[in-house]
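# Fold and contact review
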Amino acid sequence: MQMKNSPLWRFSNNIYRKEGVLEILLYVQDKFSIDVNMILFVAWLASINRSLTASDIQDAQKLVSLWRTKVIVPVRKIRRSIRDFSGTDYLYEDVKKLEIETEKEELKILFDNYIALSSEQKGELKLDLLESNLHALNEIHFFDEDKIVLTQVKKILAISMG
């Protein structure tokens, strides 16, 4: 399946463009080193009535870690470095497009494995699943001891998901 047709890609693209989502997710990624795609993945799973444990998240991260460290992170560093040079806006945009393509590939890996990585939860409220999935992510990264940022992420994602 091409990534542009993937339900995970469509969900991620749609949610990421909603007001406030980009800012909070990039903040979490930059401050706590948590992959935006992983946050979007756990939210998407909640939207289709699937839950994750902390162990499932570790398995998902193992699937994408080599791609993330060898491809996505270096491309992102290059994109950010280009800003330091005047007259390189055209190059910045090209590298930004490349970065998006590398992130699409990461989402493809997650999508191709989502059934093995999660459990179906019939009758659960999507908001409860979102909270549960985000808490499982927090268990792995311990990024939000006070749960203030976690609450903000949950709130903005819940609003964006409808």
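Please read all numbers here as calculations on a predicted model, not as lab measurements.

The next subject is the overall build of the chain. Summing up its helical and strand segments, the chain has 8 helices and 2 strands in all. Relative to the compact-globule value of 15 Å for 162 residues, the chain shows a C-alpha radius of gyration of 16 Å, a close match. Here the C-alpha coordinates of the chain stretch approximately 55 × 35 × 25 Å along the principal axes. When the 162 residues of the chain are sorted by exposure, 43% land in the buried category. Partitioning the intrachain contacts of the chain with sequence separation of at least 6 by distance along the chain shows that 73% fall at a separation of at least 24. Summed over all atoms, the accessible surface of the chain reaches about 9200 Å², with 53% contributed by carbon and sulfur.

The subject of this paragraph is the side chain of Thr 88. Take Thr 88: it is sitting in the loop between helix H4 (54-82) and helix H5 (89-112). Within the structure, the side chain of Thr 88 is placed 2.7 Å from the backbone oxygen of Phe 85, a separation counted as a polar contact.

Our next topic: helix H7 (residues 126-141). For H7, with 16 residues, the first-to-last C-alpha span of 23 Å sits near the 22 Å given by 1.5 Å per residue. When H7 is considered as a whole, its buried residues turn out to be Leu 129, Leu 130, Asn 133, Leu 134, Ala 136, Leu 137 and Asn 138. Lining the buried residues of H7 we find helix H3 (36-47), strand S1 (50-51), H4 and helix H8 (148-161).

Of all hydrophobic cores here, the largest spans 39 residues; its most connected members are Ile 39, Phe 41, Val 153 and Leu 157. No other element matches H3, which puts 10 residues into this core. Excluding its chain neighbours within four sequence positions, the residues that come into contact with Phe 41 are Leu 8, Ala 60, Leu 110, Tyr 114 and Leu 117.

Scoring rules and cut-offs
Residues numbered from 1 in each chain as written. Predicted model: local features only at pLDDT ≥ 70, side-chain atom pairs only at ≥ 80, totals over all residues. Heavy atoms only, no water. Helix = DSSP H or I, 4+ residues; strand = E, 2+ residues; numbered from the N terminus. Rg over C-alpha atoms; globule rule 2.2 N^0.38 Å. Buried < 20%, exposed > 50% of the residue type's maximum accessible area, 1.4 Å probe, protein only. Contact = heavy atoms within 4.5 Å. Areas by Shrake-Rupley, 256 points an atom, 1.4 Å probe, with all protein chains shown as cover. Polar contact = N/O pair within 3.5 Å; in protein donor to acceptor, adjacent residues only side chain to side chain. Expected span 1.5 Å × (residues − 1). Core = buried A, V, L, I, M, F, W, Y, C linked by side-chain atoms within 4.5 Å.

By themselves, these are just geometric observations and shouldn't be taken as functional.
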